[in-house]
Amino acid sequence: MNIAHKENFYESFYEKNYISSKYAEVCFNTSPIEINKKEATSFKIFNFQLFPNYLEPVFQNNLSFKKIDIKPGFSIDLRNYDSFKDFYNQYKSNFRKVINRSVKRLDSCFNTDYKMFYGNIGKEDYDDLMGRLYEMIQNRFQERDGRNKILENWSYYLSFAFKSINTSKASLFVIYNGTEPIEISLNFHHENIMYSSISSYSLDYGKFSLGNIEIYKQIEWCFENNIVFFDMGYGDFDYKRRWSNYTYTFEAHIVSEKQNFISYLYTVFVKQKIRLINYLIRKKINDKVYKLMDLFKRRQSIEITNDTFEFVEMEFSDIPLIPIDIEDHNYAFLKKPVFDVLYKNTEHIDNIVVSKSTDEHNVYIVKGIKTLTKLHFTNGSH
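Predicted model, so just to flag it, every value in this text is computed and none were measured. (Residues numbered from 1 in each chain as written. Predicted model: local features only at pLDDT ≥ 70, side-chain atom pairs only at ≥ 80, totals over all residues. Heavy atoms only, no water.)

1. Things to note about empty space enclosed by the protein
Now for step 1: Counted by the stated rule, this structure contains one cavity of 30 Å³ or more.
Now for step 2: Space inside the largest cavity adds up to approximately 30 Å³.
Now for step 3: Forming the walls of the largest cavity are S64, F65, K66, I254, V255, S256, Q259, S263 and T267.
Now for step 4: Mapped by element, the contributors of at least two residues to the lining of the largest cavity are β8 (64–77), β14 (246–256) and α10 (261–282).
Now for step 5: For the lining of the largest cavity, a count of residues per class yields three nonpolar, five polar and one charged. (1 Å grid on protein atoms, 1.4 Å probe; cavity = no way out; pocket = protein on both sides within 12 Å on 5 of 7 lines; lining within 4 Å. Points joined across faces, edges and corners; volume = space filled by probe spheres on them. Helix = DSSP H or I, 4+ residues; strand = E, 2+ residues; numbered from the N terminus. Nonpolar A, V, L, I, M, F, W, Y, C, P; charged D, E, K, R; others polar.)

2. With respect to the pattern of salt bridges
Now for step 1: If you walk through the whole model with that rule in mind, you get nine salt bridges.
Now for step 2: Taking the shortest distance from any N to any O, the salt bridge between K123 and D127 comes out at 2.8 Å. Here K123 and its partner D127 are both found in helix α4 (residues 123–144), four residues apart, which amounts to about one turn of the helix.
Now for step 3: For E220, the salt bridge is made with K217, and the minimal N-O distance between the two is 3.8 Å. You can see E220 and its partner K217 sitting in helix α8 (residues 210–224), three residues apart, about one turn around the helix.
Now for step 4: In this structure E220 comes out as partly exposed when scored by relative accessible area, which is 24%.
Now for step 5: Through salt bridges with shared partners, one network takes in E180, E327 and K335. (Salt bridge = Lys/Arg side-chain N within 4 Å of Asp/Glu carboxyl O. Buried < 20%, exposed > 50% of the residue type's maximum accessible area, 1.4 Å probe, protein only.)

3. Observations regarding the sheet that holds strand β4 (residues 31–32)
Now for step 1: The three strands are arranged β4-β3-β7 in an open sheet whose pairing can be described as antiparallel. Looking at which strands have only one partner, the edges of the open sheet turn out to be β4 and β7 (56–59).
Now for step 2: Across two bridges, strand β3 (residues 23–28) lies against β4 in antiparallel orientation. If you follow F28 over to β4, its bridge partner there is S31. (Pairing = 2+ DSSP bridges.)

4. Side note on the sheet that holds strand β6 (residues 45–52)
Now for step 1: The strand order across the open sheet formed by nine strands is β1-β6-β14-β8-β13-β12-β11-β10-β9, and the pairing between neighbours is mixed. One side of each edge strand has no neighbouring strand; the edge strands of this open sheet are β1 (4–8) and β9 (112–118). When the angles between neighbouring strand axes are averaged without regard to direction, this sheet yields 30°.
Now for step 2: Of the strand pairs in this sheet, β8 and β14 are connected by eleven bridges, and their pairing is antiparallel. Across the sheet, residue G73 finds its bridge partner in β14, namely Y248.
Now for step 3: Here helix α3 (residues 93–109) sits on the sheet and contacts β9, β10 (170–177) and β11 (180–190); the angle it forms with β9, its principal contact strand, is near 110°. (Axes fitted to C-alpha atoms, helices over the stretch in contact; angles between N-to-C directions. Contact = heavy atoms within 4.5 Å.)

5. What to know about the pairing of strand β12 (residues 193–201)
Now for step 1: β12 sits mainly inside the fold: seven of its nine residues count as buried.
Now for step 2: Where β11 meets β12, eight bridges bridge the pair, whose relative direction is antiparallel. Bridging from a neighbouring strand, N187 pairs with S196 of β12.
Now for step 3: Between β11 and β12, which follow one another and run antiparallel, lie two residues, and E191 among them has a positive phi close to 55°.
Now for step 4: Note: β12 against strand β13 (residues 229–233), three bridges, orientation parallel. Bridge pairing in β13 links M194 to F230.

6. Some details on the packing of aromatic side chains
Now for step 1: Summed over all chains, the structure comprises 50 aromatic pairs.
Now for step 2: Here F9 and F13 contribute two aromatic rings whose centre-to-centre distance is 5.6 Å and whose plane-to-plane angle is 10°, an arrangement assigned as stacked. Taken as a pair, F9 and F13 lie in helix α1 (residues 9–14) at a separation of four residues, close to a single helical turn.
Now for step 3: Positioned above the aromatic ring of Y343 is the side chain of R105, whose terminal nitrogen or guanidinium carbon lies 4.7 Å from the ring centre. (Phe/Tyr/Trp six-rings, centres within 6.5 Å; stacked < 30°, edge-to-face > 60°. Lys NZ or Arg CZ within 6 Å of the ring centre and 35° of its normal.)

7. Overview of the confidence of the model for the protein
Now for step 1: The pLDDT averaged across the protein works out to 88; a share of 87% of its residues lies at or above 70.
Now for step 2: Residue range residues 297–306 is modelled with pLDDT below 50. Its contacts to residues more than four positions away, or to other chains, number ten contacts. (pLDDT = per-residue confidence, 0-100.)

8. Section: the nonpolar core
Now for step 1: In this structure, Y54, L55, L172 and L186 are the most contacted members of the largest nonpolar core, which totals 57 residues.
Now for step 2: For this core, the element with the most residues is α4, which contributes seven residues. (Core = buried A, V, L, I, M, F, W, Y, C linked by side-chain atoms within 4.5 Å.)

9. With respect to α3
Now for step 1: With 17 residues, α3 extends 24 Å from end C-alpha to end C-alpha; this agrees with the ideal 24 Å at 1.5 Å per step.
Now for step 2: Of the positions making up α3, those classed as buried are F95, I99, S102, V103, R105, L106 and C109. Along the axis of α3, the buried positions cluster into a sector of 160°, meaning they face one direction only. Those residues of α3 that are exposed and aimed more than 90 degrees away from the buried face are N94, K97 and K104. (Expected span 1.5 Å × (residues − 1). Arc of directions from axis to C-beta.)

10. Details of the environment of E224
Now for step 1: Here E224 is to be found in helix α8.
Now for step 2: A relative accessible area of 62% places E224 in the exposed class.
Now for step 3: Separated by 141 residues in the primary sequence, E224 and S83 place their C-alpha atoms 8.8 Å from one another.

Below, the structure is given as structure tokens:
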């Protein structure tokens, strides 16, 4: 028997666009946020998980509440900056050089385009981009041999994100190489706050730091569209620490009509549960359990070819070349190593020719203006 009503505040606020009526209001920058309220159930105790404390809760006067810290969240606070340049200059010069070099390298090697779908997206574009995003996440987590809750709940996101984008409650940011989406980010919006919810990229472009470029370009967009707070959520990753200039705390709010012994015991239980979960996460015990559980589940998967290849720089010569198309499905395995060659030599994709050697087995030649590189695959048959 459940003694408390549990609710994920973060999910309700950003994705479902409502808060519980137990909150009189929720404020940002001391100003109340306009949002729908949902009538609470008949439970006597309420457990609102994942309240980001950059928001300010105001509870109904007749309620008793306790706050419990859960885990850190990471964000980029733009409120004290007049321009993107002003904001960007807060970072150390070495960090800026790395980001600038990544953006320049991507633009130098491909026919890049950056697009934000916000307030308007067609169903065909939506279906294609969400399908591509799903594939990107699937490929990344299969490579890591990891578990991903987003994939397990993908139908949930599909059910409402289209309407949310067209009502300016969500957005899709896309990096294109020509017409090919190579990085996609799904965001949710509340007034002048943007929450980066789901993002992924094509593994073929792994050398190009697309995650950092995505953040860089989206922050530019934020300044152009009066967004003052970029929330990157929880998950303690290096890229978040590098970009974040404002670390906040996710809280649990235990709310009851009046403080009594049962609500006190329940609050103690929640505190201990959170401590245990955080301990398991720190020790990565939860990942081991999930992997063990996955052994007993049948999961549909796609084949990942783990090819090993080496680069051999060659002297320019008039060798005969029989061009092949790396966009052909049969040569898809070549895209990542060819793109690695582009990255290394700052060579544009329009200036290269890829050919298969007729003399050597598992050997391909990448010829461009600046490079003549032999790709020798040492594992697999190509």
